[in-house]
Amino acid sequence: MTVAIVDDDAADCLRSAEWTRRYWGGRGERDPLYIQTFSSGNEFLAALAHGRFSLVLLDCCMPGTDGLAAARALRALDGEAVVIFTTASCDYAVDGYSVEAAGYLVKPYSFEAFALSLDRARPRLVRQRPFLLVPAAGGEAQVLLEELVYCDADKHYSQLHLAGARPLRVRISFSALLRLLAPYPQFLFCYRGCAVNLAHVRRAEELAFLMDTGERVPFRRKERAKLLRQYEDYLFEKARREHP
């Protein structure tokens, strides 16, 4: 999940980031969490040119482009992003309806109030999670990317190994499946006919990735250095985004 925190108060910005991580971890979410912080509405709006956010925590009272103006500009581009206002004033509460705000938190607020607001917004967040559409009996099936632990080739089929479920065998070539996964950097091509979701890797062993399901996905010795470097790059980028 991608999160934007927009607040001209640096301390409030850091607190919101920490509470978002605390909430996400406490709910056992598998979807990777990426947080970006912005000190002004203008800075946030400039970032929208480079990508979208699933959740926006938006201070209303900021110099320049205030939170309500930023939310209106956001809505002109994105009707799905979840907006929660965080502000020291109640004056904007009614205006929040015009931009379909999912919550309105008046400072100072507790972590419990923050978590409750996210709980209420959670159904809308779930609908935004990335998924694959794969062939299935009678049509197509949706597979949440966060539930896909690894996948491998099985002749003209592909097997999707899912967290907490039996493998799903689908009639799609492995090369076609890799093209569907290409936009998502958490998927690493291990060897011919196998790719792992790095978000599910517990640790790298001598010649295998140990997954958080307890399964081991092997790799060849000659590929070890390259794969470990890619895994370390993923962990570094993940830490950089989670702790801006």
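Residues numbered from 1 in each chain as written. Predicted model: local features only at pLDDT ≥ 70, side-chain atom pairs only at ≥ 80, totals over all residues. Heavy atoms only, no water.

Participant: I'd like a description of helix H4 (residues 111-126), backed by residues and values.
Facilitator: An α-helical turn contains 3.6 residues, so any two residues separated by three or four positions project in the same direction. Across its 16 residues, H4 extends 21 Å between first and last C-alpha, which sits within 8% of the 22 Å expected from 1.5 Å per residue. The largest bend in H4 comes to about 40°, at Arg 120, with the proline Pro 123 one to four residues further on. Within the span of H4, buried status applies to Phe 111, Phe 114, Ala 115, Ser 117, Leu 118, Ala 121 and Leu 125. Against the buried residues of H4 lie helix H1 (10-26), strand S3 (55-58), strand S4 (82-87) and strand S5 (103-106). (Helix = DSSP H or I, 4+ residues; strand = E, 2+ residues; numbered from the N terminus. Expected span 1.5 Å × (residues − 1). Bend = angle between axes of the 7 residues up to and from the residue. Buried < 20%, exposed > 50% of the residue type's maximum accessible area, 1.4 Å probe, protein only. Contact = heavy atoms within 4.5 Å.)

Participant: Mind laying out the pairing of strand S7 (residues 139-144), listing which residues take part and the relevant values?
Facilitator: Pairing between strand S6 (residues 131-136) and S7: 6 bridges, direction antiparallel. Its bridge partner lying in S7, Phe 131 is registered against Leu 144. Here S6 hands over to S7 after 2 residues, with Gly 138 in that stretch at a positive phi of 85°. (Pairing = 2+ DSSP bridges.)

Participant: So what's going on with the nonpolar core? Which residues, and what values?
Facilitator: Ranked by internal contacts, the top residues of the largest apolar core, which has 22 residues, are Met 1, Val 3, Ile 5, Leu 55, Ile 84 and Phe 114. If you list the elements that add at least two residues to this core, you get strand S1 (2-6), H1, S3, S4 and H4. Ranked by residue count, the leading element in this core is H4, at 6 residues. Membership of the second largest hydrophobic core comes to 19 residues, among which are Val 6, Phe 53, Val 56 and Phe 85. (Core = buried A, V, L, I, M, F, W, Y, C linked by side-chain atoms within 4.5 Å.)

Coordinates in, geometry out; function isn't part of it.
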